[in-house]
Amino acid sequence: MEKELKDIRAYHLKVIEDKLIELITHKNRILAAQSEEIGEFKKSFDEFKPLTQVIQKTTRECLQEFQSKLDEADRQAIQQFHQQQDQLEYHANRLNQQQSQMQMIQELFEQQTKQRFQIAEMQKAKERMLNELQQTKEELEQKKFLKQQLMNNFKLSQQQQIQLQQELKDTEHQKRYWNNLLQEAKGNIRVYCRIRPNSQEDMLLLNGECTLVLRVPERFLKSTNCQKESSFNFEHIFNQEADQQEIYNELSDLVQNVVDGHNVCIFAYGQTGSGKTYTMQGDDYNKGVIPRAVEQIFQERQGMLELGWQTSIRVGFQEIYNEQSRDLITNQKCDEVKLLDVKDIFEVAEHFNTAKKNRQVAETLSNEVSSRSHFIFQLNLQGHLGDKQINSTLNLIDLAGSERANVAKTEGDRFTETKAINKSLSALGDVFNALYTKQQHVPFRNSKLTFSLYKYMEGSSKTLMMVNISSRSEDFQQTLASLRFAEKVKSCQIKK
């Protein structure tokens, strides 16, 4: 571009230079002509001096005019040069602008090329998406058809499910009814007997599952003509080898009766050291009746929830010590224990551990750690399903030892405790005797213990006594007393 500008400038300068040369040549011709004329008229100069002066004047005027024209021509040439230079600069600017526009156009072209490529890719993606949408639409149509089929099947299965649930509820109701009849057929008051495990001596002989023969040790025979053995019959007798699971298997139907809506009372009776607390509570390795019953009720409750029942479970821990009732959770005396709402067996276990720590125990001649009070665990189950309702309570009672004060050889506070224990157990015997003889008045109010059992020994309630006995010969008298008491209880009936 600069070269072109230089060429244009050189061209214009050449034109101006040629014109100047032409003007100078013309001037020289004029001057030469004038010189000739001057030479011709020089001779007659003198003669024509005035004319010469006129000519000179005319010549000067012509020269001046020519000079003026020449100056004007120079001025016009210079002006024209500047105009052409301005035009060249204008065209150069235009050329720069056009180059910028060309560059912008080129960039736009490249962008459009990229956009066309992207549009082509998007078009391909669009086609793929349309194909996928078409496939999805077809799948949705198939799923819609399957859904309609499933809805039809679901309506049918829902009706069947409602029918099955109703049949299940009817079956559950019948199960509760027949289970209660079965428990009533077995007896609303029943007695089981358990021989203390791991006994070294054996003055007891089992004759089948329901008959126990007690052999009288020779030192207790007053004469050779005295009866040397006594037989006792109970609903079930557990030998020394019976474990905790076997014991509970025989009691589980009674616990089920609580879920069916009936009150149940199970208590362990016997002398100190005969295994009452082990039977009811167990240890870390062999769970007793209480923890197993709690597990069963919570399992049954889960089944009730699945059937639509609304349920709640509450528990309480009570101790009767020296004819005073005490709440083992608050560790305060009370007329009636406060029942606590529980959500699971872990809450029950936590309360149970607290209650065991607060229970009165002491060392006696019969046992290093003897329970000096009656321990009552109470579980209340409430529930409703439509117009069906249940409100039943399970009482599991670990009674204090039944030995006499002279046998236990207690003194001081232990002697007072033993007297209170025997008084309450004697009142319990009076209650069973009144039931046995069918008296109009049953003395439930004679002790805190019997009054606590009142509502669990009437109507459709079930009561079971687990008599725990020892097979050691030195415990003969206590074992005989326990068996006779149990036999009397077996003859009783629940008061309707």
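Only a predicted model underlies this, so the values are computations on that prediction, with no experimental measurement involved.

What counts and what doesn't
Residues numbered from 1 in each chain as written. Predicted model: local features only at pLDDT ≥ 70, side-chain atom pairs only at ≥ 80, totals over all residues. Heavy atoms only, no water. Helix = DSSP H or I, 4+ residues; strand = E, 2+ residues; numbered from the N terminus. Buried < 20%, exposed > 50% of the residue type's maximum accessible area, 1.4 Å probe, protein only. 1 Å grid on protein atoms, 1.4 Å probe; cavity = no way out; pocket = protein on both sides within 12 Å on 5 of 7 lines; lining within 4 Å. Points joined across faces, edges and corners; volume = space filled by probe spheres on them. Nonpolar A, V, L, I, M, F, W, Y, C, P; charged D, E, K, R; others polar. Pairing = 2+ DSSP bridges. Phe/Tyr/Trp six-rings, centres within 6.5 Å; stacked < 30°, edge-to-face > 60°.

A. Region of the structure containing unusual backbone geometry. One non-glycine residue, N322, adopts positive backbone phi at about 50 degrees. Tracing the chain through its elements places N322 in the loop between β7 (310-321) and β8 (324-327). A positive phi angle, close to 60 degrees, is found at N331, a residue other than glycine. With respect to the helices, strands and loops of the structure, N331 is situated in the loop between β8 and β9 (332-333). Residue class for N331 comes out partly exposed when judged on its relative accessible area of 36%.

B. Just the layout of surface pockets, in detail. Approximately 500 Å³ is the volume attributed to the largest pocket. In this structure, the largest pocket is lined by 21 residues; those nearest its centre are E336, Q378, S452, K455 and Y456. Per element, the largest residue contribution to the lining of the largest pocket is four residues, and it comes from strand β13 (residues 374-385). Residues belonging to the lining of the largest pocket are distributed by class as follows: six nonpolar, 10 polar and five charged.

C. Structural view of the pairing of β7. Counting buried residues along β7, nine of its 12 residues qualify, which places the element largely inside the surrounding structure. Pairing of β7 with β13, which is carried by 11 bridges, proceeds in the antiparallel orientation. When the sheet's bridge partners are listed, G316 is paired in β13 with Q378. Two strands pair when backbone bridges link them, and β7 and strand β10 (residues 340-342) are joined in this way by three bridges, in the antiparallel orientation. Residue pairing across strands places I313 opposite V342, the latter belonging to β10.

D. Just the packing of aromatic side chains, in detail. Under the counting rule described, the total for this entry stands at seven aromatic pairs. Taking the centre distance of 4.5 Å and the plane angle of 20 degrees together, the rings of Y269 and F485 count as stacked. Taken together, the residues Y269 in strand β6 (residues 264-270) and F485 in helix α10 (residues 476-490) connect sequence positions 216 residues apart. Residue F485 is classed as buried on the basis of its relative accessible area of 13%.

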